[in-house]
Structure formats: structure tokens, C-alpha cells
There are 2 protein chains.
Amino acid sequence: MAKSEIKSETAHSPRDPGTTSSSASARPARRAASAKTETPYHHGALREALLQAAERVLEREGLAGLTLRAVAREAGVSHAAPTHHFGDLTGLVSELAAIGFRQFNAAMVSACDAATTPLERTLARPKAYVAYAQAHPGMYGLMFRTERLDYSRPSLHEASEASFAGLANAIGAMRQEQISGDALTLDQGAAIARAWSMVHGFTTLLLDGRLKDILERLPKGTTAEQLLQAMLTSTVVPKLPGC
Amino acid sequence: MAKSEIKSETAHSPRDPGTTSSSASARPARRAASAKTETPYHHGALREALLQAAERVLEREGLAGLTLRAVAREAGVSHAAPTHHFGDLTGLVSELAAIGFRQFNAAMVSACDAATTPLERTLARPKAYVAYAQAHPGMYGLMFRTERLDYSRPSLHEASEASFAGLANAIGAMRQEQISGDALTLDQGAAIARAWSMVHGFTTLLLDGRLKDILERLPKGTTAEQLLQAMLTSTVVPKLPGC
DNA sequence: GCGAAATCTTTACACTGTCAATATTGCGCC
DNA sequence: GGCGCAATATTGACAGTGTAAAGATTTCGC
């Protein structure tokens, strides 16, 4: 798929010790080696290390560069090590997406908590949504690229459900009504679909660079965030018929 | 990447003659073969045949199955033949996406033409948008999966620009004002971004199965199209603050 | 009709996911 | 303590992929 510029595949050089300070100092020697800094056969916390490596690879090289072998290289283990922890590529990608959803939800919760004025309370959530996507484009792209994910995995399913529930609650709060879990009116459904579609659509178009044309034609210096706010708050109703 | 169940790679059996009736009958024999139905060395219209094959593969096997070699097999030529016409995979995918944008635009134009009542004129375009995506999920997914496309290709650039221009004009018509090509007010930009984000977001969420939860909770029998219409026409303004 | 250019095939290489077989280690249990 | 089993990680292999280079075949301009 790619070109080259790959190191050595079976590279097993002494891993840089302590990227996350997780008991990485002075492990027992590996094989018959005499050096004490050799990497041990058993990693100890490889699963987490692989997920962190995967996130680094993803944000550095993009979705296409996120391969099992690249992640293994990044983590300094053999190419087949990830399989044992995630089954296959879909497994690893799905677990990474679950982490993304949790980060994502946490970002929105803390943005809501920080909001004070009424306007802030209205805009905190969508702004945090877009901000997360801009700060972690690789992760966001992964989370909404369904074809590579396995939603039957509990961790992913739960995390993305939580994301949806948070949205529905926010809409409920805006409409000053309780949104029950198991039944919706058409109006309620439309409100949720509108909010979600608008923010999600805006985000994907923005990340894909498709809003550049619009932003360039706006008054000089207008940011994406300002456009988002205008889009969400403007009450000018069009005079209808189109085409 | 995949498992197996692949035929023979170098398979070069007599192509089934005349899938699209394009001068496929009784060509000169190939190599020292005596049979008259042998495939000729030169295909004649391989470029178009490859694009059609690619669309079939895409809708049949999904985005992950759209590989250069699979397309070559589908078209009955050697695995390296597509390279000569498209340079690389990105090239083929980009040309296919350009075709998608043209189909897409044509669908919206004809939907607009068919609209008579005011309500129809308002909803024709978004409905056609979603309908195209549902009818050609593979193509739609391809068109908006930027990482695999090369927008510097004139055909793709033009076709997607036309799509944007059509949208901007429709919004202009709704606001009863001319939208000039080179400058926009924040209100105009917001209106365009809102319409595009809403419809594009709705479509991707729908195709990714993420609206299923909502649809299931709506009054029994509610379709995605009805939800779309409600989302676009409902004038119930939320009482604001959220979170 | 002939040489050059276009078209298509063949061959080769580096990369990928995934499986099976092996090596190494940790842990419970006697 | 030591012993065996299960977990963990590596090695090796195989089929599939994109893409480049070299060869074969045909078309086309002159």
C-alpha cells in the first residue's frame, strides 16, 4: 500500500524507557542478554501501550497509516503481538474508537460545566463537539467511519450510546421537557435529528475542507467557530420555496 | 487484507460478451488462439469499462472491496491495466467520485424540475440528496471520504464545485436574494452552512445506521424521509439554554 | 508499409492482515 | 521450593494488495 521508508520490521531495539512512566525501569534482561535495559519478553501492559501507540500513529500518519504492523512497530513489539489482544484490526480500531467516544463525552461534559451565561449554556456542547474534532481529527474520523468498526463490542457500543444519550438530554433541556428513553414524538425526533445532523454535518464538512470556500468568502477573519455560532443562533427564517 | 475466495487472478477466460453492448462481438483472435471469441489484446474502451466495473464492485463489495485488482478482475483484464489509465488507486477512485457527483447533480436538477407545489419546491432538493445516497450508498460514501480522493483532478474538482454552486443557488432562491460568487455576509454563509450541514449530516448519520435508534422510537411506521421533512420544516423554536 | 506511441501483460517487490507454530514468562498449586 | 499450565510474545508463512519496470501487442501518423 505504501512506499517504503520503513525501519526494520523486526526491529527490537531497546524501547525508550518510560513514555508513560508505567513501571518501565530496570526490567529483567531479555533472552541471554547481559544488558539490564533490554526489553523483557512480557511487556506488562501491552494492551494499553498498543492503544496509545495506535492513537499516536493515527494522528501522525492518518487513517490509512493506522495498520496493525505500524502500531506494533510504534510500540516496539513484534508484528503479531496486537492480534493477541484485539483479535484483528477491526478489534483494535474499535477499542480505539471507544476511547475516542469517552474523551469526546468528557470534553462535552466539562464544557457544559464551565458554561455560565445562558448563551454559553446553549453553545457549549456544539462548540466542544467541533473543538474536539479539530483537536483530534484522526480520532473523530475514526469514530464516524462505521465500516471499520464493530459496534457489537460492548465498550464501543456503550461509549457511543452515552454520546447519543448526552445529546438527547441536551435537546430535552432546551425544549424544557423530559425525553423518555423509549418513545419520541415526531417533533422531538426532528429536534434531535436536526441538532445532531447540523453539528455532525458541519464538523465533517469542516474537517474535509469543504467549508473553506464559504469561509473565504465571509468577512475577512471570520473563524469556523463564528460561522458555527451564526448557523446555530440565526433566527432569520428563509422565505421558503427553493430550487 | 481479505480472506480468500478469490478466483484465479490471472484469469483471462473469455469475457462474457456484451455486458454493455459496446462493440464486443467477434473481435480478432488473441495470441495464436484459433477461437474467434478470444479477448483481444486491446480492449478498445477500457477506461469506461473499468469505471463501470469499479462502480459494480463498489456497490457489491463495499468501499473496502474496491481495489485496483478487483476492478481489473471484474473487467477481465490484467491487474496492472488500470494503472495505465488512472495512475494509481486514488486516480481511479477520484474519477469514479466525479461520476458520482455528476449523477448526484443530475438527480437533484431533475427532482427540482419535477417539483410543482411550493412545498415540493422547498423539499425536492434535500429529498433527492438523501434519496441518491440511499440508492447509491457506496458512491455517496466514496464522494465524501476525502482521504482517498484527489481534488486537484479537474473532473472531480469541477463536478463537486457544481454541486456546491447548486446548493448555494437554492439557498439564494429561498432567501430571495442573489448570492454573489465572491462575497458572502455572515447570515448568508450561515444559511448555506446550515442547509448543507443539516442535509449532509442527516445523510451520513442515516447511512451509518446512527438514526436507527431515533427512528425506532418514533410513532410506528415513520420513515427516514418523514423525519427529514419534519426536521427541515418544523418551526418550533427551542426555548434555548441546554446542557 | 514502417516506426513510434499507445495499450495491455508479465514479473517483481515491499507492504499488509491473519493464521499456525514456537518460545518465554507468570502464576497457581502441590 | 519447584512443577506444569495458561497467558503472552515472537517467528514464519501465505494470500492479498499497490505500484514500478520491462516486455508484448496493437494502433496510428506519416
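All values derive from a computational prediction rather than experimental measurement. (Residues numbered from 1 in each chain as written. Chains lettered and ligands numbered in written order. Predicted model: local features only at pLDDT ≥ 70, side-chain atom pairs only at ≥ 80, totals over all residues. Heavy atoms only, no water.)

Asks: What exactly am I supposed to notice about the overall build of chain A here?
Replies: Across its full length, chain A holds 10 helices and zero strands. Seen in sequence order, chain A has helices and strands lined up from the N terminus as α-α-α-α-α-α-α-α-α-α. For chain A, the proportion of its 243 residues judged to be buried stands at 44%. Considering only intrachain contacts with a sequence separation of at least 6, the fraction spanning at least 24 residues in chain A is 62%. By element, 56% of the accessible surface of chain A is carried by carbon and sulfur atoms, the whole surface being about 12,600 Å². (Helix = DSSP H or I, 4+ residues; strand = E, 2+ residues; numbered from the N terminus. Buried < 20%, exposed > 50% of the residue type's maximum accessible area, 1.4 Å probe, protein only. Contact = heavy atoms within 4.5 Å. Areas by Shrake-Rupley, 256 points an atom, 1.4 Å probe, with all protein chains shown as cover.)

Asks: Would you take a moment to explain the interface of chain B and chain A for this structure?
Replies: Often, the extent of an interface is quoted as the loss of accessible area on bringing the components together. Counting residues at the interface gives 61 residues for chain B, matched by 61 residues for chain A. For the pair chain B and chain A, the summed buried surface comes to about 5,600 Å²; carbon and sulfur atoms form 62% of the total. Counting the surface chain B buries against chain A, the share from its top three residues, B:Arg210, B:Arg217 and B:Cys243, is 14%. Applying the counting criterion to the chain B and chain A interface returns two salt bridges. As a salt-bridge pair, A:Glu147 and B:Arg145 come within 3.0 Å of each other at their nearest N and O atoms. At the junction of chain B and chain A, the tally comes to 13 residue pairs in polar contact (both at pLDDT 80 or more). Counting only elements with at least two residues in the side of chain B that touches chain A, the list comes to α4 (89-114), α5 (118-135), α7 (154-174), α8 (186-207), α9 (212-217) and α10 (224-233) of chain B. If you tally residues by element for the side of chain B that touches chain A, the top one is α8(B), at 15 residues. (Buried area = accessible area lost by both parts, 1.4 Å probe. Salt bridge = Lys/Arg side-chain N within 4 Å of Asp/Glu carboxyl O. Polar contact = N/O pair within 3.5 Å; in protein donor to acceptor, adjacent residues only side chain to side chain.)

Asks: Even after reading the chapter, I still don't get the relation of the copies chain B and chain A, so can you show me in this structure?
Replies: Once chain B has been moved 0.0 Å along the axis and rotated by 180°, it coincides with chain A to within an RMSD of 0.1 Å. Expressed as a symmetry operation, the mapping of one chain copy onto the other fits a two-fold axis. For chain B, the residue whose C-alpha comes nearest the rotation axis is B:Gly201, separated from it by 1.8 Å. (Least-squares fit on C-alpha atoms with pLDDT ≥ 70 in both.)

Asks: Help me out: how do you make sense of the state of the cysteines in this one?
Replies: Every disulfide links exactly two cysteines, by a covalent bond between their sulfur atoms. Considering all chains together, one arrives at two disulfides over all chains under this definition. Covalent S-S linkage joins A:Cys112 and B:Cys243, the inter-sulfur distance amounting to 2.3 Å. What sets the handedness of the A:Cys112 and B:Cys243 disulfide is the S-S torsion sign, and at about -80° it is left-handed. Linking A:Cys112 in helix α4 (residues 89-114) with B:Cys243 in the segment after α10, this pair reaches from one chain into another. (Disulfide = S-S within 2.5 Å.)

Asks: Help me understand the nonpolar core in this model?
Replies: Generally speaking, soluble globular proteins have nonpolar side chains that are buried together. Counting residues in each nonpolar core, the largest one holds 128 residues, and the members touching the most others are A:Leu66, A:Ile192, B:Leu66 and B:Ile192. Those residues in contact with A:Leu66, other than ones at most four positions away along the chain, are A:Ala54, A:Val57, A:Leu58, A:Val71, A:Leu89, A:Val93, A:Leu96, A:Leu142 and A:Arg148. (Core = buried A, V, L, I, M, F, W, Y, C linked by side-chain atoms within 4.5 Å.)

Asks: So what exactly am I meant to see when it comes to the side chain of B:Thr146 here?
Replies: Its place among the elements puts B:Thr146 in the loop between α6 (137-143) and α7. Setting aside its immediate chain neighbours within four residues, B:Thr146 contacts A:Asp208, A:Arg210 and B:Tyr151.

Asks: Help me understand α8(B) in this model?
Replies: Think of an α-helix as turning once every 3.6 residues; residues three or four places apart then point the same way. All names here are of chain B. The first and last C-alpha atoms of α8 sit 31 Å apart over 22 residues, in line with the 32 Å expected at 1.5 Å per residue. Across the 22 residues that make up α8, a large majority, 19, are buried. In the stretch just after α8, Gly209 is the one whose phi turns positive, near 75°. (Expected span 1.5 Å × (residues − 1).)

Asks: Can you help me understand the environment of A:Ala114 in this one?
Replies: Inspection of the secondary structure assignment puts A:Ala114 in helix α4. In sequence terms A:Ala114 and A:Ala124 are 10 residues apart; their C-alpha atoms lie 8.3 Å from each other.

Asks: Would you take a moment to explain the environment of B:Met198 for this structure?
Replies: When you line up the elements, B:Met198 lands in helix α8. B:Met198 sits 72 residues away from B:Pro126 along the chain, and the two C-alpha atoms are 9.4 Å apart. For B:Met198, the residues in contact, after removing those within four places along its chain, are A:Arg194, A:Ser197, A:Met198, B:Ala193, B:Met231 and B:Leu232.

Asks: How do you make sense of the confidence of the model for chain A when you look at a structure like this?
Replies: Caution is warranted with low-pLDDT regions, since their predicted coordinates should not be read in detail. Residue and element names in this part refer to chain A. For chain A, mean pLDDT is 84; residues scoring 70 or higher make up 82% of the total. At the level of individual helices and strands, chain A shows its lowest average pLDDT in helix α7 (residues 154-174), which scores 92, and its highest in helix α2 (residues 68-75), which scores 98. Low pLDDT (under 50) marks residues 1-37, which in the prediction has 34 contacts with non-local residues, meaning those over four places away or in another chain. (pLDDT = per-residue confidence, 0-100.)

Asks: Would you take a moment to explain the packing of helix α5 (residues 118-135) of chain A against helix α10 (residues 224-233) of chain A for this structure?
Replies: Two quantities define a packed helix pair, namely the angle between the helix axes and the distance between the axes. Residues and elements named next belong to chain A. Closest axis-to-axis distance for the α5/α10 pair is 11 Å, and the angle between their directions is 130°. Viewed along their axes, α5 and α10 adopt a mutual orientation that is oblique. Helix-helix and strand crossings are classified by hand; for α5 and α10 the assignment is right-handed. Where α5 abuts α10, its residues Leu119, Leu123, Pro126, Lys127 and Val130 lie against Glu225, Leu228, Gln229, Leu232 and Thr233. For the contact of α5 with α10, a count of residues per class yields six nonpolar, two polar and two charged. (Axes fitted to C-alpha atoms, helices over the stretch in contact; angles between N-to-C directions. Parallel < 35°, antiparallel > 145°, perpendicular 65-115°, else oblique. Left-handed = near helix turned anticlockwise from the far one by under 90°. Nonpolar A, V, L, I, M, F, W, Y, C, P; charged D, E, K, R; others polar.)

Asks: Is there a simple way to explain the pattern of salt bridges in this structure?
Replies: All names here are of chain A. Within this structure, the stated rule accounts for 15 salt bridges over all chains. For Arg56, the salt bridge identified is with Glu74, shortest N-O distance 2.7 Å. Of the two residues, Arg56 sits in helix α1 (residues 46-61) while Glu74 sits in helix α2, which places them 18 residues apart along the sequence. The network of salt bridges with shared partners includes Arg56, Arg60, Glu61 and Glu74.

Asks: Looking at this structure, I do not really get the side chain of A:Glu55. What am I missing?
Replies: All names here are of chain A. Following the sequence through the fold, Glu55 ends up in helix α1. No salt bridge is formed by the buried Glu55. Its closest oppositely charged neighbour is Arg56, at 8.2 Å. Here Glu55 is in contact with Leu96, Gln103, His136 and Met139, once residues within four sequence places are set aside. (Lys, Arg positive; Asp, Glu negative; His and termini not counted.)

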